[in-house]
Amino acid sequence: MMSNRRLEDIRNFGPYTTGILNQIGIYTEQDLLSTDYPSISQKLVEKGIRPNLNIFYGIEMALQGKVWTKISSQEKQEIKQILGRK
């Protein structure tokens, strides 16, 4: 079942990440699940925000219900590939 928790109610989402995601129309967990990392990145850049990888690491771990610092090097590499970063 897809959750519709607000971002501020999800672990890993502090004021900065919540604020920038709100600027691109992402307010809930369901909003996050209905988009992808390249789209999030592109929309942030269009708003003048250069997203760092930690934002995506935090999102990934939040969706898994884990603290963002628990991300594995493999997960980091997969996110970098998805975003076309080295």
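All values reported here derive from a predicted model rather than from experimental measurement.

### Some details on unusual backbone geometry
- Although it is not a glycine, Asn12 adopts a positive phi angle of roughly 90 degrees.
- On the secondary structure map, Asn12 appears in the segment before α1 (15-23).

### Some words on the packing of helix α4 (residues 53-64) against helix α5 (residues 73-83)
- As a packed pair, α4 and α5 sit with axes 10 Å apart at the nearest point and diverge in direction by 120 degrees. Considered as vectors, α4 and α5 are oriented oblique to each other. Crossing of α4 over α5 shows right-handed handedness. Across the interface between the two elements, Leu53, Phe56, Tyr57, Glu60, Met61 and Gln64 from α4 touch Glu75, Lys76, Ile79, Lys80 and Leu83 from α5.
- Class assignment of the residues belonging to the contact of α4 with α5 gives a composition of six nonpolar, one polar and four charged.

### Structural notes on the packing of helix α3 (residues 37-46) against α4
- The geometry of α3 relative to α4 is characterised by a closest axis approach of 12 Å and an angle of 140 degrees between their N-to-C directions. When the interaxial angle is binned, α3 and α4 end up oblique. Pair α3 / α4 crosses with right-handed handedness. Two secondary-structure elements touch here, α3 through Tyr37, Ile40 and Ser41 and α4 through Phe56, Ile59 and Glu60.

### Details of the nonpolar core
- Ranked by internal contacts, the top residues of the largest apolar core, which has 22 residues, are Phe13, Leu21, Ile40 and Ile59.
- Looking at this core, the elements with two or more residues in it are α1, α3, α4 and α5.
- Sort the elements by how many residues they give to this core and α4 lands first, with seven residues.
- Filtering out sequence-adjacent residues up to four positions away, Ile59 remains in contact with Phe13, Leu21, Leu32, Tyr37 and Ile40.

### Focus: the side chain of Lys80
- With respect to the secondary-structure elements, Lys80 resides in helix α5.
- In contact with Lys80, not counting residues within four places along its chain, are Leu53, Tyr57, Arg85 and Lys86.

The rules behind these values
- Residues numbered from 1 in each chain as written.
- Predicted model: local features only at pLDDT ≥ 70, side-chain atom pairs only at ≥ 80, totals over all residues.
- Heavy atoms only, no water.
- Helix = DSSP H or I, 4+ residues; strand = E, 2+ residues; numbered from the N terminus.
- Axes fitted to C-alpha atoms, helices over the stretch in contact; angles between N-to-C directions.
- Parallel < 35°, antiparallel > 145°, perpendicular 65-115°, else oblique.
- Left-handed = near helix turned anticlockwise from the far one by under 90°.
- Contact = heavy atoms within 4.5 Å.
- Nonpolar A, V, L, I, M, F, W, Y, C, P; charged D, E, K, R; others polar.
- Core = buried A, V, L, I, M, F, W, Y, C linked by side-chain atoms within 4.5 Å.
- Buried < 20%, exposed > 50% of the residue type's maximum accessible area, 1.4 Å probe, protein only.

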